[in-house]
Every structure is written in C-alpha cells, then in structure tokens.
Amino acid sequence: MERTLSIIKPDGVKKNIIGEIIKRFEDNNIKIIAMKKIQLTKTQAQGFYAVHKERPFFDSLTSFMTSGPIVVMILKGENVIAENRKLMGATNFKEAEQGTIRRDFATDIEKNVVHGSDAPETALFEIGYFFNAMEIVG
Ligand code: GDP
C-alpha cells in the first residue's frame, strides 16, 4: 500500500467539485486517510513548490495557490501515486485524456484543479508538509 498527497486547488474548491473529485478517488478504490480545508500563505505556497522556484510561472502559481481555500488529502491505495496521476490527467488539460479530472474541469495550464505527488520521495515530503501523525487515520 502506498500513500500520496492530493490537493484540490482553489479553482476546484470555487467550482464546487470537491465531492465530484473525491467520488472519483472512491470509485477507484482509493481511501482518504487524512483531509483538511486550509488557505495557504504565500510563504507556505513557496515552500511547497520550492522545486519550481526557478520557473517563470513560480510567482503566478504561488499567488494562485493562495487565492482561496484548498483541500489537502492523503490518499492510500495500491500504486496510488501513479493511479492518482492517471485520474488527474496531464498538467496541460488540453493534452489530458478524456474523462480525467483536469480534462473535465481545468480552466488553463495553471488552474488545473488538482495536485498529486509524482514520486515516493515527493509524496513523503508533501505529506509531511501538511500533516502530522495524529491527523492520519488508516
Ligand atoms: P503537475 O505535477 O502535473 O502538477 O505539474 P508540474 O509539477 O510541472 O507543475 C506544477 C503546477 O504548476 C501545475 O500543476 C500547474 O498548476 C502549474 N504550471 C505548470 N506549468 C505551467 C505553465 O507553463 N504556466 C503556468 N502559469 N503554470 C504552470
């Protein structure tokens, strides 16, 4: 069993599709073992996306991520890092497969509804960024 961090970004929360996204996880036998709704500060967003700090879109991305509440979750399941990335679809929703979350709901390459860890090391870092052991059940 593997764990990954999922975020419903501010655009997803504003579009009222928290339930829709969670349903896709549950329909695919993915368990939610921690969840909370929070609003990031700019510093917290910059820390989370530190690997992207040299990218031209870093400032825009971190502003967007602080623009409203987000829902952060730890997902658990077999091969869940890759499974979640498959359900999310490609970063650019125009390249994402039909039926993926981003293809169905993204606005543009930045406002793409969801985040998901891309590897076991990033999942570990990202889970620890948002949750402590007492907040994780299951
Ligand atoms: P992900 O793993 O699919 O989320 O993609 P990345 O790690 O490459 O990028 C992180 C996030 O930055 C993406 O989910 C988008 O919200 C945003 N992003 C990626 N590429 C671009 C871009 O070219 N322009 C802008 N404005 N945002 C981008």
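Our subject is the structure listed above.
Residues numbered from 1 in each chain as written. Predicted model: local features only at pLDDT ≥ 70, side-chain atom pairs only at ≥ 80, totals over all residues. Heavy atoms only, no water.

S.K.: So what about the pairing of strand 1 (residues 2-8)? Which residues, and what values?
M.R.: Of all seven residues in strand 1, five are buried; the element is thus mostly enclosed. In this sheet, strand 3 (residues 70-77) lies alongside strand 1 in antiparallel orientation, the contact comprising seven bridges. Residue pairing for strand 3: I8 is matched across the bridge by V71. With three bridges connecting them, strand 1 and strand 4 (residues 114-116) associate as antiparallel partners. What sits directly across from S6, in strand 4, is G116. (Buried < 20%, exposed > 50% of the residue type's maximum accessible area, 1.4 Å probe, protein only. Helix = DSSP H or I, 4+ residues; strand = E, 2+ residues; numbered from the N terminus. Pairing = 2+ DSSP bridges.)

S.K.: Any chance you could break down the layout of surface pockets for me, citing the residues and the numbers?
M.R.: Of the pockets and cavities examined, the largest pocket occupies roughly 520 Å³. Elements represented by at least two residues in the lining of the largest pocket include exactly helix 5 (80-88), strand 4 and helix 7 (120-130). If one sorts the elements of the lining of the largest pocket by residue count, helix 7 sits on top with three residues. Broken down by class, the residue content of the lining of the largest pocket amounts to nine nonpolar, six polar and seven charged. (1 Å grid on protein atoms, 1.4 Å probe; cavity = no way out; pocket = protein on both sides within 12 Å on 5 of 7 lines; lining within 4 Å. Points joined across faces, edges and corners; volume = space filled by probe spheres on them. Nonpolar A, V, L, I, M, F, W, Y, C, P; charged D, E, K, R; others polar.)

S.K.: Outline the pattern of salt bridges, listing residues and values.
M.R.: Per the stated rule, a full pass over the model turns up seven salt bridges. A salt bridge links K36 to E135; the shortest N-O distance between them is 3.1 Å. Taken together, the residues span a long stretch of sequence, with K36 in strand 2 (residues 31-38) and E135 in the segment after helix 7 at a distance of 99 residues. We classify K36 as partly exposed; its relative accessible area is 22%. Residues joined by salt bridges that share partners form a network here, namely E20, R24 and D104. (Salt bridge = Lys/Arg side-chain N within 4 Å of Asp/Glu carboxyl O.)

The quantities given are spatial measurements derived from coordinates; they are silent on function.
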